[in-house]
Amino acid sequence: MFVLVEMTDTVRIPPWQFERKLNESIAEELNKKLANKVVYNVGLCICLYDITKLEDSYIFPGDGASHTKVHFRYVVFHPFLDEILIGQIKSCSQDGVHVSIGFFDDIVIPPESLQQPAKLSFPSLTLGVASDEAEQVWVWEYETEEGAHDLYMDIGEEIRFRVVDETFVDTSPTGPSSAEASTSNATEEVQKKEAPYTLVGSISEPGLGLLSWWTNS
């Protein structure tokens, strides 16, 4: 789930921090820059693990700050494919079951990767109450000798899933290439509100799915 990634960066330390130890100032600046950020094709950065090498520091004309090239290792959340994780169901929609593991919410289990047969249910409609997307739940129609038994994937339930795919989206800002492109800026911004890092899960095998399915007799 967590990996150590070797990185290199040039860290700027302002003059008012010169009285502190260089390592402490650099560690603070690296965590400000990277903690809780997604690095493209690397993963979600958690915290600095250690600094392996400090190169010479330089002060450039017109800037009183020091600039130091730093080699360091960072703790990164990046599960490997086929890893088994446990999270909580955050919501359900036409796109599947959305799962959170507390510090990371961009996990989706698409409908074709659920235990089959599965259907999207609207419990509040059964009670005669207007429903919205937040009240949708996926249901596993579990076949028994007595017929189908509905197992609901309720919001807040703990769920065990396998990581089967991952998607990185480059969310770096880009300027319009022409005046024509700038006119459609608003529409593009709405469409580009994608998560920079998404995990795709699956529960389509025995032992996966809600923990209560397999622990209750």
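Above this text you will find the structure in question.
Residues numbered from 1 in each chain as written. Predicted model: local features only at pLDDT ≥ 70, side-chain atom pairs only at ≥ 80, totals over all residues. Heavy atoms only, no water.

A word on the sheet that holds strand β4 (residues 66–77)
For sheets, the rule is that strands pair by backbone hydrogen bonds, running either parallel or antiparallel. Spatial strand order, β1-β4-β3-β2: four strands in an open sheet with antiparallel pairing. One side of each edge strand has no neighbouring strand; the edge strands of this open sheet are β1 (2–13) and β2 (38–39). Pairing of β2 with strand β3 (residues 43–59), which is carried by two bridges, proceeds in the antiparallel orientation. Opposite V38, over in β3, you have L44 as the bridge partner. Along the sheet, helix α1 (residues 22–34) makes contact with β1, β2, β3 and β4, crossing β3 at roughly 135 degrees. (Pairing = 2+ DSSP bridges. Helix = DSSP H or I, 4+ residues; strand = E, 2+ residues; numbered from the N terminus. Contact = heavy atoms within 4.5 Å. Axes fitted to C-alpha atoms, helices over the stretch in contact; angles between N-to-C directions.)

Topic: the packing of aromatic side chains
One pass over the full model with this rule turns up eleven aromatic pairs. Ring geometry for F77 against F103: centres 5.1 Å apart, planes inclined by 85 degrees, an arrangement best described as edge-to-face. Pair noted here: F77 is in strand β4 and F103 is in the loop between β6 (96–100) and β7 (107–109), with a separation of 26 residues, a long-range link. The buried category is assigned to F77, whose relative accessible area is 0%. (Phe/Tyr/Trp six-rings, centres within 6.5 Å; stacked < 30°, edge-to-face > 60°. Buried < 20%, exposed > 50% of the residue type's maximum accessible area, 1.4 Å probe, protein only.)

Overview of the nonpolar core
Membership of the largest hydrophobic core comes to 27 residues, with the highest contact counts inside it found for V97, F104, I109, M153, I159, F161 and I203. Those elements that provide at least two residues to this core are β5 (84–93), β6, β7, β9 (137–144), β11 (158–168) and β12 (197–202). By residue number, the principal contributor to this core is β11, which donates four residues. Setting aside residues no more than four positions away along its own chain, I203 makes contact with I109, S113, L114, Q115, M153, I159, R160, F161, L208 and G209. Counting 14 residues, the second largest nonpolar core, distinct from the first, contains M7, I13, A27 and V70. (Core = buried A, V, L, I, M, F, W, Y, C linked by side-chain atoms within 4.5 Å.)

Remarks on the sheet that holds β9
The three strands are arranged β8-β9-β10 in an open sheet whose pairing can be described as antiparallel. Each of the sheet's edge strands pairs with one partner strand only, and the pair in question is β8 (118–121) and β10 (147–152). Averaged over all pairs of adjacent strands, the angle between strand axes in this sheet comes to 35 degrees, irrespective of strand direction. As paired elements, β9 and β10 share six bridges and run antiparallel to each other. Its bridge partner lying in β10, W140 is registered against L151.

Here we look at α1
Given a rise of 1.5 Å per residue, 13 residues ought to cover 18 Å, and the 18 Å separating the end C-alpha atoms of α1 matches this to within 8%. Of the residues making up α1, those classed as buried are S25, I26, A27, E29, L30 and L34. Lining the buried residues of α1 we find β1, β2, β3 and β4. The first or second residue beyond α1 is N36, which carries a positive phi of 65 degrees. (Expected span 1.5 Å × (residues − 1).)

Things to note about a nonpolar patch on the surface
Where nonpolar side chains cluster on the molecular surface, the patch consists of M1, F2 and F103 and spans about 270 Å² of accessible area. Within the fold, F2 resides in strand β1. (Patch = residues over 30% accessible without salt bridge, like charges linked within 9 Å, V, L, I, M, F, W, Y side chains within 5 Å. Areas by Shrake-Rupley, 256 points an atom, 1.4 Å probe, with all protein chains shown as cover. Salt bridge = Lys/Arg side-chain N within 4 Å of Asp/Glu carboxyl O.)

What about the pattern of salt bridges?
When the charged atoms of two side chains lie near each other, side chains of opposite charge can form a pair. Enumeration according to the criterion identifies nine salt bridges in this entry. A salt bridge links K32 to E29, with the shortest nitrogen-to-oxygen separation between them at 3.8 Å. Of this pair, K32 and E29 are both found in helix α1, three residues apart, which corresponds to roughly one turn of the helix. If you follow the salt bridges from partner to partner, you end up with R20, E28, E29 and K32 in one network.

Considering the side chain of S202
Here S202 lies in strand β12. Residue classification places S202 among the buried positions, given a relative accessible area of 7%. Side-chain polar atoms of S202 contact the side chain of S204, separated by 3.0 Å. Among residues more than four places away in sequence, those in contact with S202 are I109, S113, F161, R162, V164 and L208. (Polar contact = N/O pair within 3.5 Å; in protein donor to acceptor, adjacent residues only side chain to side chain.)

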